[in-house]
Every structure is written in C-alpha cells, then in structure tokens.
Amino acid sequence: MIPTGMQLTDEEVQKVGIVASSLAQAACVAGIENGRCQRCQQRSLVALPDGRQYCSACLTMGRVTSRTKLYRFPSGPSEGGTLTWSGTLTGPQAAAAAAAIASVTAGRDHLLWAVTGAGKTEMLFPLIAHELGNRKRVAVATPRIDVVLELAPRLQAAFEGTPVAVLYGGAEWPAQPAALTVATTHQLLRYYRHFDLIIVDEVDAFPYSQTPMLAAAVAQANRGPTVYLSATPPKALQRAVRRHQIGVSYLTRRFHGFALPLPTLVVLPLKQVPKRLSPKLSRLLQAAVQGRQCLLFVPRIDWLAPLAAALNTQGLRVQTAHAEDPARVATVQAFRAGEFDVLITTTILERGVTIPRCSVLVLAADDRQFSASGLIQMAGRAGRSQASPNDPVWFVARHITKAMLSARHQIHALNAVGS
C-alpha cells in the first residue's frame, strides 16, 4: 500500500515495510536543509558527537538528522463520503455552518468563534459533508488526545460508511487512506500537502498555542483553507478577523439556548489543602455532587492523591486523571458512565469533555497555572446538557485575581450578547 499523502523518514519507511515500487512514487528530500528541519520547518538544530545535526523541535515524532531522508508520497482525491447524521441544526448553528462553507469554497480561512457547548462539532457536519461530496480530503485536528477520543466516535457516527483514520501518539497507523482523518496536531507532521481542508479545534489550547511547529505542521499538511474553532481565540486570529483577512462566524449561545453558567467566586483559606479540607470547602464539595457529578480542577499533579484521599473519607467516590496517567482514557470513560462522583484533574480536561449534569469547582483558582481563557474553558464543562443547563461553577481561591475577574466578565458579556 502507498501511504497516500504521508511524509515519512527513511527509518519509518523501513519500519512500515513499504515496498520498492511504492517508494519509487515518493519524492525524496533531505531531512535537514539550509539549517531547517524539512519535517517541521523549525531551526532547532542540535549537534551530535559524530558531526550530524538533529532537530530537537519534532524529536518526539522520531529523530530527523542531517543524514535522514524524508519520503513524501503523492496524494490525490478521496473516494468521498456521505453525511448520515439525522439531527438538525438550530438557526444560528446553520448560519454559522453556511458561512464556513462559503469561506472554504472561496479558498479563504475561517474562524468559528463559539462559546463552549455551542455545538461546534455538529456545525462541522455540513462543512465536512460538502468537502467529502467533492472528493476532498478533510482532517479534524486538535492539540489533545482526549479531544481526539471525544470527537472521533461522533464523527464516525455522523459519517457511517466513510473511512475515518484516528491518529494520536501510540495509535496504530491507518491501514488504508481515509477521506476523513481525526488527529492530534502533532500527527500532521507525517503529512505533506495531503488535505484539502484542515479544521483545527481548540486552536488556543496548549501545546498548539505555544508551539510554532504545530502551526507549521498544519500549513505543510494542507493544500487548501483552514477552519479554526475556539471559544477564546488567540489575539492573532482576532486581529485577522478585524482586518477582514479571514471569515468568521459568531455563536454566543449554547445549542440548547441557555446562558453559560456564571462562576461564583469563593474566597477561602487554603493553607491545609490538599491534605485537609476546611469544613466550608467540604460543604461546598458535598453540594457539588447533589444530583450531579463534579469535575474538580487543581493546579498541580501532586495535589491529586492527597485530595482524593481526603474526599474518600467523606464518603465520596473519587478518581483522578492527569496527562501522564496511562489509565486516563479509561477513567474519563468511567466518569461519563457515572461510576463515581468526583473526578479530580488538571487542566488536561479543561476542553473537549462533555459530562451531562456536571458541576465544576476550580480549587486554588488564583494559581498562576490558571489563565482567564483556561478558567473559561473549565467553567464551560458545566451546563452542557439541555436537561441540566444551570450546573453550578465555583472558582475557589485565597484571593481574587485578574484572571478570575476577566473570565467571569467575559462569560457575563457573552451571555449579555446572546440575550
């Protein structure tokens, strides 16, 4: 099989076992040329003792050295695909989707600026269907594995019968070319001029927002326009909108029409946290699980175990999750299934996770780890279900910070625009 549209190192070519006849169809380029890595387009080169150089920017995807060869395989049209989703969009959702299609048809980038819980995934369905109907190749990329695992089954269900490749670190490589790909942004480093449309979800999320290599990966893997999705777009995209350099769609209401839950700011002494909880904090956490589950966000991984132990003594069923936890995916799935009351987590779950009837409590919300945009995303995990749109949100801190006030102000402003 020819790995259509992929960009592979000579080491990866050998590992996959690509035959000579397929390899002959690929363009071969030096891995490093003119002081720049040709896979990630960065100049982060480090010298090796044997005189070679290697790229430190994309090292997690495998080493590219000055002796590495990159094979770029050709890419043609896809076999297409058909939307099988039977749901309907609201008026604002349909208008946003139509605007995105108009931009893409004109070859123009587009920003879908929508509050958390606005139904961004469903709004993508008409756009993806439009492109697949024209035998275009589409990628939906996001910085985080958790979001990939959330999006992939929803997209596969909406496009039944359409091959969907799901790519992230540790996943098996696709057995065949797919019309629709769902991937982490890192995985786009393995493609070259392959996609006719790339949709970048959570464009403001770490690590995409702080890693120029990932934006370069999107640009290199793409041969058409890019659609960006965000509830809190970075300033560069906001400037592009103001200058009319890209198209834009605004959605200030969630799909069910209710306002975003407005966070309650709670000032408490937190000297004994995480090992011990004050009576007031204990009562607050008990209130958070009355008829609901609770996502409890904390600033550091070393808070997880002692907090879980403290809450377990209060009769609550508790689990933890963080980026380095190998059981994270299974834990989140168990939480969705309602198998326990409280999931204590870091910012790794601030995006892309939807739990019906879920309150949110950010503990030590005054910590530098929590930016205004991050607090907005964490608050956005609440109230996402039409059956429970008013799930409570608390920012608990020793003192009120500018980030906390800014997050609350932005949520209040969005609610005012949508009212």
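Residues numbered from 1 in each chain as written. Predicted model: local features only at pLDDT ≥ 70, side-chain atom pairs only at ≥ 80, totals over all residues. Heavy atoms only, no water.

- The protein carries the name Helicase-related protein in an unreviewed UniProt entry, which gives Lacticaseibacillus jixianensis as its organism.

### A few points about the sheet that holds strand E2 (residues 27-30)
The strands making up a sheet associate through hydrogen bonds between their backbones, and the pairing can be parallel or antiparallel.
Thinking step 1. Spatially, three strands are ordered E1-E7-E2 in an open sheet, and the strand pairing comes out antiparallel. Two strands close off the open sheet at either side, each with one partner strand: strand E1 (7-9) and E2. Averaged over all neighbouring strand pairs, the angle between strand axes comes to 30 degrees, with direction disregarded.
Thinking step 2. As defined by bridge partners, E1 adjoins strand E7 (residues 69-72) across three bridges and the pair is classed as antiparallel. Among the inter-strand pairings, Gln 7 is bridged to a residue of E7, identified as Arg 72. (Pairing = 2+ DSSP bridges. Helix = DSSP H or I, 4+ residues; strand = E, 2+ residues; numbered from the N terminus. Axes fitted to C-alpha atoms, helices over the stretch in contact; angles between N-to-C directions.)

### Digging into the sheet that holds strand E19 (residues 358-363)
Thinking step 1. One open sheet accounts for six strands, arranged E15-E20-E19-E16-E18-E17; its pairing is parallel. Looking at the sheet topology across the chains shown, the edges are occupied by strand E15 (264-267) and strand E17 (318-321). The average undirected angle you get between the axes of adjacent strands in this sheet is 20 degrees.
Thinking step 2. In this sheet, E19 lies alongside strand E16 (residues 293-297) in parallel orientation, the contact comprising five bridges. The partner of Cys 294 across the bridge, within E19, is Ser 359.

### Quick look at the side chain of Ser 385
Thinking step 1. Note that Ser 385 resides in the loop between helix H11 (372-379) and strand E20 (393-397).
Thinking step 2. Here Ser 385 falls in the buried class, since its relative accessible area comes to 18%.
Thinking step 3. A polar contact is formed between the side chain of Ser 385 and the backbone nitrogen of Ala 387, at a distance of 3.1 Å.
Thinking step 4. Setting aside its immediate chain neighbours within four residues, Ser 385 contacts His 256, Pro 356 and Arg 357. (Buried < 20%, exposed > 50% of the residue type's maximum accessible area, 1.4 Å probe, protein only. Polar contact = N/O pair within 3.5 Å; in protein donor to acceptor, adjacent residues only side chain to side chain. Contact = heavy atoms within 4.5 Å.)

### Quick word on the pattern of salt bridges
Thinking step 1. Scanning the entire structure with this criterion turns up 10 salt bridges.
Thinking step 2. Across the pair Arg 190 and Glu 12 runs a salt bridge, and its minimum N-O distance is 2.9 Å. Residue Arg 190 is located in the loop between strand E11 (180-184) and strand E12 (197-200), and its partner Glu 12 is located in helix H1 (residues 10-16); the two are separated by 178 residues in the primary sequence. Side by side, Arg 190 and Glu 12 carry an identical accessibility label, which is buried. (Salt bridge = Lys/Arg side-chain N within 4 Å of Asp/Glu carboxyl O.)

### Quick notes on the packing of helix H3 (residues 91-105) against helix H4 (residues 120-133)
Thinking step 1. Here H3 crosses H4 at 30 degrees, and the two axes come no closer than 8 Å. Judged by the sense of rotation from one axis to the other, the crossing of H3 with H4 is right-handed. Residue-level inspection shows Gln 93, Ala 96, Ala 97, Ala 100, Ile 101, Val 104 and Thr 105 of H3 in contact with H4, the latter providing Met 123, Pro 126, Leu 127, His 130 and Glu 131.
Thinking step 2. Here the contact of H3 with H4 is built from residues that sort into eight nonpolar, three polar and one charged. (Left-handed = near helix turned anticlockwise from the far one by under 90°. Nonpolar A, V, L, I, M, F, W, Y, C, P; charged D, E, K, R; others polar.)

### Looking at the packing of aromatic side chains
Thinking step 1. Scanning the model with the defined rule gives five aromatic pairs in all.
Thinking step 2. Between the aromatic rings of Phe 125 and Phe 159, the centroid separation amounts to 6.1 Å while the plane-to-plane angle is 90 degrees, which identifies the pairing as edge-to-face. With Phe 125 in helix H4 and Phe 159 in the loop between helix H5 (145-158) and strand E10 (164-167), this pair connects stretches of sequence that are 34 residues apart.
Thinking step 3. For Phe 125, a relative accessible area of 2% puts it in the buried group.
Thinking step 4. Seen from their ring centres, Tyr 191 and Phe 195 are 5.0 Å apart, and the 55 degrees between their planes marks the pair as tilted. The two residues Tyr 191 and Phe 195 agree in class, both being buried.
Thinking step 5. Of note, Arg 63 hangs over the ring of Tyr 54, and the distance from its end group to the ring centre comes to 4.9 Å. (Phe/Tyr/Trp six-rings, centres within 6.5 Å; stacked < 30°, edge-to-face > 60°. Lys NZ or Arg CZ within 6 Å of the ring centre and 35° of its normal.)

### A closer look at the environment of Arg 154
Thinking step 1. One can find Arg 154 in helix H5.
Thinking step 2. A relative accessible area of 28% means that Arg 154 is categorised as partly exposed.
Thinking step 3. Once the C-alpha coordinates of Arg 154 and Trp 85 are considered, the two residues, 69 residues apart in sequence, prove to be 9.7 Å apart.
Thinking step 4. Excluding residues that lie within four positions of it along the chain, Arg 154 makes contacts with Thr 121, Glu 122 and Phe 125.

### Looking at the packing of H4 against H5
Thinking step 1. Where H4 meets H5, the axes come as close as 11 Å, and the angle between the chain directions of the two elements is 45 degrees. Considering the angle they form, H4 stands oblique to H5. Between H4 and H5 lies a crossing of right-handed hand. Counted together, Thr 121, Glu 122, Phe 125 and Ile 128 of H4 and Leu 151, Arg 154, Leu 155 and Ala 158 of H5 form the full contact between these two elements.
Thinking step 2. Its residues assigned to classes, the contact of H4 with H5 comprises five nonpolar, one polar and two charged. (Parallel < 35°, antiparallel > 145°, perpendicular 65-115°, else oblique.)

### Considering unusual backbone geometry
Thinking step 1. That bond from Phe 206 to Pro 207 is cis: its omega, 5 degrees, falls within 30 degrees of zero.
Thinking step 2. Take Pro 207: it is sitting in the loop between E12 and helix H6 (212-221).
Thinking step 3. The peptide bond linking Val 273 to Pro 274 adopts the cis configuration, its omega dihedral lying at 15 degrees.
Thinking step 4. Structurally, Pro 274 is set in the loop between E15 and helix H8 (279-288).
Thinking step 5. Positive phi outside glycine occurs at Gln 41, with the angle close to 65 degrees.
Thinking step 6. You can see Gln 41 is positioned in the loop between strand E4 (36-37) and strand E5 (45-47).
Thinking step 7. Gln 41 sits in the partly exposed class, given a relative accessible area of 23%.
Thinking step 8. Not every positive phi belongs to a glycine, and Arg 135 is a case in point at roughly 60 degrees.
Thinking step 9. The residue Arg 135 is located in the loop between H4 and strand E9 (138-142) in this model.

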